[in-house]
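For reference, the chains in residue letters:
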Amino acid sequence: MRTAALFSFALLAAIYTTVAIGDELDRPGIGYWCYNPIRIPSKADRLAFVDDVSSAAIEAERKWGVPAPALAAMTIVESGFGTTRIAIKSNNILAFKWPGDKIAAGHGKFVLWCQPKEDAGNVYPAFKSRREAIDFVASRLSLSKHYRAATLAYGTDLKSGLSRKTAGQNWRVAIAPLYNWKPEEYIRYVGRMADDPIGDGSRSLWSLEP
């Protein structure tokens, strides 16, 4: 079962252009624009977002064993540096869909009203903070039967002496087919964000380490 939202490939293109999105936050209707950022994040926005999610991703690796660099990169890809409707209204910066009442116990629900009907399931967990969202999704990437083997393999790769980057790349390749509807593109974009999240070569997420 795929548990992430449809990934909008317009999202990353929009981030690195000077063209305004022009979609108001509560825009009525239904369409693929629903997944897009509502504005272009500035460089300062991108830096602040990366700082915020990086520390949470490191904590998540300590707790759940998922690779912090890949997890932080996924938040960028899924939320457009926190500028999508899902991210703004629910702090769900990984666009993780509602996994059921038992698993999501204690979290509220957010309904993405504008989501196209062909993308089944428009209910998402709502979180009090981005940090809480990262911790929750990391727990699913560690414990869920869909992702558990990939996360265990990541730990094994590290113990065998593989670099964090190679082990993290192996992990994202393993989870992508179940996390996103276009895994090859998703793998590429997550890798791009891990390599160069700000877009100017000034930073890499591969340095994130517990």
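Residues numbered from 1 in each chain as written. Predicted model: local features only at pLDDT ≥ 70, side-chain atom pairs only at ≥ 80, totals over all residues. Heavy atoms only, no water.

Thoughts on the overall build of the protein chain
Item 1. A tally of helices and strands in the protein chain yields eight helices and two strands.
Item 2. If you list the helices and strands of the protein chain from N to C, you get α-α-α-α-β-β-α-α-α-α.
Item 3. Looking at the protein chain as a whole, 50% of its 210 residues are labelled buried.
Item 4. For the protein chain, the proportion of contacts with a sequence separation of at least 24, taken over those separated by at least 6, is 71%.
Item 5. Total accessible area on the protein chain is roughly 9300 Å²; 55% of this is exposed by carbon and sulfur atoms. (Helix = DSSP H or I, 4+ residues; strand = E, 2+ residues; numbered from the N terminus. Buried < 20%, exposed > 50% of the residue type's maximum accessible area, 1.4 Å probe, protein only. Contact = heavy atoms within 4.5 Å. Areas by Shrake-Rupley, 256 points an atom, 1.4 Å probe, with all protein chains shown as cover.)

Regarding the nonpolar core
Item 1. By size, the foremost hydrophobic cluster in this structure holds 46 residues, and its most contacted members are Leu 71, Met 74, Ile 134, Leu 141, Trp 171 and Tyr 179.
Item 2. Looking at this core, the elements that each hand over two or more residues are helix H2 (43-64), helix H3 (68-79), helix H5 (130-143), helix H6 (148-159), helix H7 (164-179) and helix H8 (183-195).
Item 3. If one sorts the elements of this core by residue count, H3 sits on top with eight residues.
Item 4. With residues near it in sequence (within four places) discarded, Met 74 still touches Ile 93, Leu 94, Leu 141, Trp 171, Ile 175, Tyr 179, Tyr 186 and Val 190.
Item 5. Formed by nine residues, the second largest nonpolar core is a distinct cluster that contains Trp 33, Cys 34, Leu 112 and Tyr 124. (Core = buried A, V, L, I, M, F, W, Y, C linked by side-chain atoms within 4.5 Å.)

As for H3
Along an α-helix, residues three or four positions apart point the same way, because every turn accommodates 3.6 residues.
Item 1. Taking 1.5 Å of rise per residue, the twelve residues of H3 would be expected to cover 16 Å, and the 17 Å separating its terminal C-alpha atoms lies within 8% of that figure.
Item 2. Here H3 lies mainly inside the structure; twelve of its twelve residues are buried.
Item 3. For H3, every residue scored as buried is listed here: Ala 68, Pro 69, Ala 70, Leu 71, Ala 72, Ala 73, Met 74, Thr 75, Ile 76, Val 77, Glu 78 and Ser 79.
Item 4. At the C-terminal side of H3, Gly 80 shows a positive phi close to 60 degrees. (Expected span 1.5 Å × (residues − 1).)

Structural notes on the packing of aromatic side chains
Item 1. Going through the model one piece at a time under the given rule, you end up with eight aromatic pairs.
Item 2. The interplanar angle of 25 degrees and the centroid separation of 6.0 Å between the aromatic rings of Tyr 179 and Tyr 186 together place this pair among those described as stacked. For the residue pair Tyr 179 and Tyr 186, the accessibility class agrees, reading buried in each case.
Item 3. Among the aromatic residues, ring-to-ring pairing joins Phe 96, Phe 127, Phe 136, Tyr 147, Tyr 179 and Tyr 186 into one connected group.
Item 4. A cation over a ring is seen here: Arg 27 above Trp 33, with NZ or CZ 3.8 Å from the ring centre. (Phe/Tyr/Trp six-rings, centres within 6.5 Å; stacked < 30°, edge-to-face > 60°. Lys NZ or Arg CZ within 6 Å of the ring centre and 35° of its normal.)

What about unusual backbone geometry?
Item 1. Located in the positive-phi region is Phe 81, a residue other than glycine, with phi close to 60 degrees.
Item 2. Taking the relative accessible area as the measure of exposure, Phe 81 reaches 3% and is therefore buried.
Item 3. Of note, the phi angle at Asn 91 is positive, near 60 degrees, even though the residue is not glycine.
Item 4. On the secondary structure map, Asn 91 appears in the loop between helix H4 (85-90) and strand E1 (108-111).

Observations regarding the environment of Gly 82
Item 1. Relative to the helices and strands, Gly 82 resides in the loop between H3 and H4.
Item 2. What makes Gly 82 buried here is its relative accessible area of 13%.
Item 3. Distance from Gly 82 to Asp 45, taken between C-alpha atoms, is 8.9 Å for residues 37 residues apart in sequence.
Item 4. Aside from chain neighbours lying at most four places away, what touches Gly 82 is Phe 49, Ala 87, Ile 88 and Arg 130.

So, the pattern of salt bridges
Item 1. What the rule picks out here adds up to eleven salt bridges.
Item 2. As a salt-bridge pair, Asp 135 and Lys 63 come within 3.2 Å of each other at their nearest N and O atoms. Taken together, the residues Asp 135 in helix H5 and Lys 63 in helix H2 connect sequence positions 72 residues apart.
Item 3. You can call Asp 135 partly exposed: its relative accessible area is 27%.
Item 4. For Lys 63, a relative accessible area of 54% translates into the label exposed. (Salt bridge = Lys/Arg side-chain N within 4 Å of Asp/Glu carboxyl O.)

Without other data, these values stay purely geometric and don't point to any function.
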